[in-house]
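Fold and contact review
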Amino acid sequence: MSLVQRQHPQATIPVQPPQFSAKLVRLCRRRILRLPPVSAQRQVARMSVTEKPGISIQSMVIKPPSHPTYDLQGVIKLALAEDAGDRGDVTSLATIPQDAEVEAHFLAKEDGVVAGIALAEMVFHEVDPSLKVEWSRKDGDSIQKGLKFGKVYGTAYSIIVAERVALNFIQRMSGIATLTKAMANAAHPALILETRKTAPGLRLVDKWAVLIGGGRNHRMGLFDMVLIKDNHISAAGGVTNAVRAVYMYLEKNNLKMEVEVETRTLDEVHEVLNYASQTKTSLTRIMLDNMVVPLPNGDVDVSMLKEAVKLINGRFETEASGNVTLETVHRIGGTGVTYISSGALTHSVKALDISLKIDTELALQVGRRTKRA
């Protein structure tokens, strides 16, 4: 990518590396570390204001999932503080003239689905609200190796301080979105879900990437859906006891939410269905866990899953889990299940290779030499 470097008139005179005062270092750090926290809900509202400097409403094409306590702005601040430590960016402070302005381009080094554009804008805006960010793609769009799909321009120091944190978010989210898109396409007509197997502290970010990739969100956490899993069943003394106890708890506390129960055998499916046919229950979905059996030739046997779906016969939503891969998901989706959940979407993500370069032409030249552009 080509770089446009804008300098003030005096920048044509040889400039010695600046010696920044301790006060300026503290100010740089304060801008990153000491702004008041903003909740995810408030940030979404702020980003809907078109006149907000540094953030384009076009980038927020898919909003993050809602969460009652998650502080998305706080996560950004934490990531920046982790990088800045107690001194700030000592390399940039030593090498970059204070008034240098540059233009840097986002460069895709492999094919995939881009995600995290809106979050990257939030990072740049957090570091320096005067930075301007422009995109030729939006969250959820396909990008190809060698494509310049966005640019940021303004103070060089601010861009470089924000660079790695912005890229860490956008690379991880794009990796999740890319795999989700492939899985969702292969799973059709079933819908693809992620799980709670997310990076600690990054759950909303990971689940946002799944939405961008065309998947659906499972529960956000332990608070917004009842999911009766194997350990709950064992501790409660069986499937029937667990389902009954959930109904009583929700009624007592006047709560209305989705209820799912995990089943591992056809006997457990029969037990759930028999109980639900005789007694009032809050149940909305049945998980069919590990009913996909791997075969020695690399294929899978889905006959048990098909039988379970047939038994349920549309009375409840169904969710297949276990042995879900890009190679098996099409077979699983053909059984008639409503949803397919895969922890691999987030727990085994391969980040999409994306860089931010000032000297883009040189970066492309190197990329072509190494087959990455």
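Criteria and cut-off values
- Residues numbered from 1 in each chain as written.
- Predicted model: local features only at pLDDT ≥ 70, side-chain atom pairs only at ≥ 80, totals over all residues.
- Heavy atoms only, no water.
- Helix = DSSP H or I, 4+ residues; strand = E, 2+ residues; numbered from the N terminus.
- Buried < 20%, exposed > 50% of the residue type's maximum accessible area, 1.4 Å probe, protein only.
- Contact = heavy atoms within 4.5 Å.
- Areas by Shrake-Rupley, 256 points an atom, 1.4 Å probe, with all protein chains shown as cover.
- 1 Å grid on protein atoms, 1.4 Å probe; cavity = no way out; pocket = protein on both sides within 12 Å on 5 of 7 lines; lining within 4 Å.
- Points joined across faces, edges and corners; volume = space filled by probe spheres on them.
- Nonpolar A, V, L, I, M, F, W, Y, C, P; charged D, E, K, R; others polar.
- Pairing = 2+ DSSP bridges.
- Axes fitted to C-alpha atoms, helices over the stretch in contact; angles between N-to-C directions.
- Parallel < 35°, antiparallel > 145°, perpendicular 65-115°, else oblique.
- Polar contact = N/O pair within 3.5 Å; in protein donor to acceptor, adjacent residues only side chain to side chain.

Moving on, we come to the overall build of the chain. When helices and strands are tallied, the chain shows 14 helices and 15 strands. A total of 373 residues make up the chain; the buried ones form 49% of that total. Sequence-distant contacts in the chain: of pairs separated by 6 or more residues, those separated by 24 or more amount to 78%. Accessible surface for the chain amounts to roughly 18,200 Å². Of this, 53% is attributable to carbon and sulfur atoms.

As a further point, take the layout of surface pockets. Estimates place the volume of the largest pocket at around 450 Å³. What lines the largest pocket is a set of 23 residues, among which Thr195, Lys197, Lys229, Ser321 and Ser341 lie closest to the centre. Put simply, the parts of the chain that give the lining of the largest pocket at least two residues each are strand 10 (285–289), strand 13 (317–321) and helix 13 (344–347). Its residues assigned to classes, the lining of the largest pocket comprises 4 nonpolar, 10 polar and 9 charged.

Only one face of strand 4 (residues 132–135) is covered, namely the face carrying Val133 and Trp135; the face carrying Lys132 and Glu134 is uncovered. Where strand 4 lies against strand 6 (residues 148–155), 4 bridges are found, and the strand directions are antiparallel. Paired with lysine 132 across the two strands is tyrosine 153, which belongs to strand 6.

With an omega dihedral of 10°, the bond running from histidine 188 to proline 189 counts as a cis peptide bond. By the secondary structure assignment, proline 189 is in the loop between helix 6 (156–187) and strand 7 (191–193). In this structure, asparagine 290 is a non-glycine residue whose phi angle is positive, near 55°. Counting through the fold element by element, asparagine 290 comes out in the loop between strand 10 and strand 11 (293–294). The exposure class of asparagine 290 is partly exposed, given its relative accessible area of 46%. A positive phi angle, close to 60°, is found at asparagine 323, a residue other than glycine. Checked against the element boundaries, asparagine 323 lands in the loop between strand 13 and helix 12 (329–333).

Before going further, it helps to examine the side chain of aspartate 206. Structurally, the position occupied by aspartate 206 is in helix 7 (residues 203–212). Setting aside its immediate chain neighbours within four residues, aspartate 206 contacts Arg172, Ile176, Thr198, Ala199 and Thr346.

What follows deals with the packing of helix 10 (residues 266–278) against helix 11 (residues 303–312). Look at helix 10 against helix 11: their axes get within 10 Å of each other, and the N-to-C directions meet at 10°. As the angle between them shows, helix 10 and helix 11 are arranged roughly parallel. Together, Leu266, Val269, His270 and Leu273 of helix 10 and Met304, Glu307, Ala308, Leu311 and Ile312 of helix 11 make up the contact between the two elements. Of the residues in the contact of helix 10 with helix 11, the class split is 7 nonpolar, 1 polar and 1 charged.

Taking strand neighbours across the sheet as the criterion, the 6 strands line up as 7-14-13-10-9-8 in an open arrangement whose pairing is parallel. Only two strands of the sheet have a single neighbouring strand rather than two, namely strand 7 and strand 8 (226–228). Neighbour to neighbour, the strand axes of the sheet diverge by 25° on average, direction disregarded. Packing against the sheet, helix 10 makes contact with strand 9 (259–263) and strand 10, and its axis sits at approximately 145° to strand 9.

Tracing the backbone shows threonine 180 in helix 6. In the structure, threonine 180 is positioned 36 residues away from arginine 216 in sequence and 9.5 Å away in space, judged by C-alpha atoms. If we ignore the near neighbours within four places in the chain, the residues touching threonine 180 are Ile192, Val210, Gly213, Gly214, Gly215 and Leu345. There is a polar contact of 2.7 Å between the side chain of threonine 180 and the backbone oxygen of isoleucine 176.

Here the focus is the environment of histidine 125. Among the structural elements, histidine 125 can be located in helix 5 (residues 117–127). Judged by relative accessible area, histidine 125 falls into the buried class, the value being 12%. A sequence separation of 37 residues divides histidine 125 from alanine 162, and the C-alpha atoms of the two residues are 9.0 Å apart.

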